[in-house]
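Each chain is listed here by its residues.
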Amino acid sequence: SGDKFELSPEALTKAEKLQLSLLKVGTLLLQWRTAGLADRNAENDESVTPGYPCREELLEALGDLDSAWASFEYRYISDLIQIENRARQLVYEAVQAEQLLTQLENSPDAT
């Protein structure tokens, strides 16, 4: 039928927020790793000071990620349900049209 099924703009916005939250957690984990490497180097060089992210910063980033994930997941699943319902409606209409066509073809006036 040429219908195009897409996620809602709201789902796409929530996906972007999820990506940003994931990026933030990834950045903090990378900072943690880098600080750990600096920590090892600090044993030999006192001028190196490791910069671990603070616990509150990590907790906030993980909380934001959890919230962004739940928000995106809810909208995404809702969109999928709507898409499925529209697709099912198209199949239903096609079946109805086929049944009507069959009735018309089998009617005595069809000749």
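So, here is what we can say about the structure in this document.

So, about the packing of aromatic side chains. Under the criterion given, the structure shown has three aromatic pairs. For the ring pair W32 and Y52, a centre distance of 5.2 Å and an interplane angle of 70 degrees mean the geometry is edge-to-face. Here Y52 lies in the loop between α1 (9-42) and α2 (55-106) and W32 lies in helix α1, a separation of 20 residues in the sequence. Residue class for W32 comes out partly exposed when judged on its relative accessible area of 41%. Ring centres of F72 and Y76 lie 5.4 Å apart, and the angle between their planes is 25 degrees; on these two criteria the pair is classed as stacked. Taken together, the residues span about one helical turn, with F72 and Y76 both in helix α2 at a distance of four residues. Take F72: its relative accessible area is 14%, and that puts it in the buried class. Residue classification places Y76 among the partly exposed positions, given a relative accessible area of 31%.

This structure, assessed with the given rule, holds five salt bridges. Where K24 meets E57, a salt bridge forms, and the shortest distance between an N and an O atom there is 3.5 Å. With K24 in helix α1 and E57 in helix α2, this residue pair connects regions lying 33 residues apart in the sequence. Looking at K24, the relative accessible area reads 39%, which means it is partly exposed. Between R88 and E84 there is a salt bridge, with the nearest N and O atoms lying 2.6 Å from each other. Residue R88 and its partner E84 are both found in helix α2; the two are separated by four residues, about one turn of the helix. Salt bridges sharing common partners tie together E10, K14, R75 and D79.

Cut-offs used in this document
- Residues numbered from 1 in each chain as written.
- Predicted model: local features only at pLDDT ≥ 70, side-chain atom pairs only at ≥ 80, totals over all residues.
- Heavy atoms only, no water.
- Phe/Tyr/Trp six-rings, centres within 6.5 Å; stacked < 30°, edge-to-face > 60°.
- Helix = DSSP H or I, 4+ residues; strand = E, 2+ residues; numbered from the N terminus.
- Buried < 20%, exposed > 50% of the residue type's maximum accessible area, 1.4 Å probe, protein only.
- Salt bridge = Lys/Arg side-chain N within 4 Å of Asp/Glu carboxyl O.

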